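One letter stands for each residue in the lines below.
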Amino acid sequence: MTRFYIKQLFSNRITRHILYWIGLIIFFGITWGTHDNDYVRSFTIQVFGLPARMVLVYVSLYVLVPKFFVKRKFFAFAISYLLLLVIASIGIQRPIIFFYVEPIYFPGWHSSGYFTITELMNTILDVNIAAIIPLGISFFKFFYNAQQKTLVLEKEKLEAELNQLRNQVHPHFLFNTLNNLYSLIIKKSDSAETAVLTLSGLMRYMLYEANVPKVPLSKEIEYLKNYVGLEKLRFEDHVDISFSAETDAAYTISPFLLIPFVENAFKHGITSNKESWIVISIITKNKTLKMQVENAKLPHKKTNFEGGIGFANVKKRLELLYPDNYSLHTQDNELSYEVILKLNLEVNDSQR
C-alpha cells in the first residue's frame, strides 16, 4: 500500500516539481549552512534564489527545448540558453542578492559592485546549477525517444523487407513445382497422383504453418523431403538423389531458408542421363546446423550457380535474420558444385 501511494505521488507532475525545488533548497541549505551553522539563514537565502532559477528552468524546458532542441537546432538552443541564463542571473538573481540579501543577511559584507565580474560569474553558476538535473533528464528523454523511434523504424523496415523476401519464395517455388507436375502429366506417369498429394502437403505448410517468424526445424526438413520426393517422381530412376537429415534436439529456424539451396541443385545439376546426381545432407548438433548440398555439373554448359533469385534471396535473408551467426561457402570444381551452410539455431523449448 505504501508503495502504491509513493508511486501515485511521483506520477503527478506538479508534485514532482514541488519536491524537486524543496529538495534543492534542503540540499544547498544544508551544504552552505554547515559553514556557520546558521541553517535558518541558509535556507532563507536559497528561497530567495528560486525566482531566477525557476525562470531559467521553466523557460528552458517549455520554450527553448521544444523550439530548438527537439528540432535539432542545437547551436540555436545553446545561444538562447546562455542568453536566458545571463538575463535570469543579472536581471533577477543579482538584484535580489545585491539589494536585499546582502544588506539584511550579510551586513558586514562589502560588495565590490553590482557588475563585478567575479560576483556576476558566481551568480550565473549559482543559477545555472538548478537547471542541470531538469535539462539532463529532458536531454536523456529526447535521445532515448529518438533512439527508440529509430529502432522501431528499423524493425518495421526489416520486417517489411523480410516479408517481401519470403513472399518471393512462394511464387518461385510454386512455378518450379507446377512445371514438375506438368512434366509427370505429359508423361502420363502413374506418379502424378502421388505428386498432387505431395504438392497439397507442401502448399498446406506454405499457407498455414509457415506464416510465423520461426518454425520447428523438423517441419522444415519434412518440407524439404516432400520437395525432393516430387523431384524423384519427376526424374524416376534417371537421377541419383540422396537426402539425409539428423538432429540431436528440437530446434527452430526461419521458414523457407534451406529450400533455395535444394532448388538450385536441381536446377543446375540435373540432366536426363544417369550421370546426374545430387547429395543433400543436414546434420544438427550442439545448436549448429550444417547443410551440404552437392550436385553434378551439366556437361558443356557454363552456369552461374549463384545467380538465381532463390540463392540471392536466401543470402539476403541470412544477413537479416542471422547476422554473425552463419557461414556460407561454395566449392566449384570441374565435376561438381557444393554449398555448405553452417547456422546457429535456437532450441525449441515447447518441444523439450
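Residues numbered from 1 in each chain as written. Predicted model: local features only at pLDDT ≥ 70, side-chain atom pairs only at ≥ 80, totals over all residues. Heavy atoms only, no water.

Attention shifts here to the sheet that holds strand β1 (residues 215-216). Here three strands make up an open sheet; going across it, the order is β1-β3-β8 and the pairing antiparallel. The two strands at the open ends of the sheet, each matched to only one other strand, are β1 and β8 (346-347). Taken together, the two bridges between strand β3 (residues 251-253) and β8 define a ladder with antiparallel strand orientation. Across the sheet, Tyr251 pairs through a bridge with Val347, a residue of β8. (Pairing = 2+ DSSP bridges. Helix = DSSP H or I, 4+ residues; strand = E, 2+ residues; numbered from the N terminus.)

One open sheet holds the five strands; their spatial order is β2-β4-β5-β7-β6, and the pairing between them is mixed. Since the sheet does not close on itself, it has two edges, and those belong to β2 (240-247) and β6 (326-332), each with one partner. Across this sheet, the average inter-strand angle for adjacent strands is 5°, counted without regard to direction. Note: β6 against strand β7 (residues 336-344), seven bridges, orientation antiparallel. Among the inter-strand pairings, Leu328 is bridged to a residue of β7, identified as Leu341. Against the sheet, helix α9 (residues 217-235) engages β2, β4 (277-285) and β5 (288-296), with an angle of about 170° to β2. The strands touched by helix α10 (residues 259-268) are β2, β4, β5, β6 and β7; relative to β5, the strand with the most contacts, the crossing angle is about 10°. (Axes fitted to C-alpha atoms, helices over the stretch in contact; angles between N-to-C directions. Contact = heavy atoms within 4.5 Å.)

On to helix α6 (residues 117-128), then. Across its twelve residues, α6 extends 16 Å between first and last C-alpha, which sits within 8% of the 16 Å expected from 1.5 Å per residue. Taken together, the buried positions of α6 are occupied by Glu119, Leu120, Thr123, Ile124, Val127 and Asn128. (Expected span 1.5 Å × (residues − 1). Buried < 20%, exposed > 50% of the residue type's maximum accessible area, 1.4 Å probe, protein only.)

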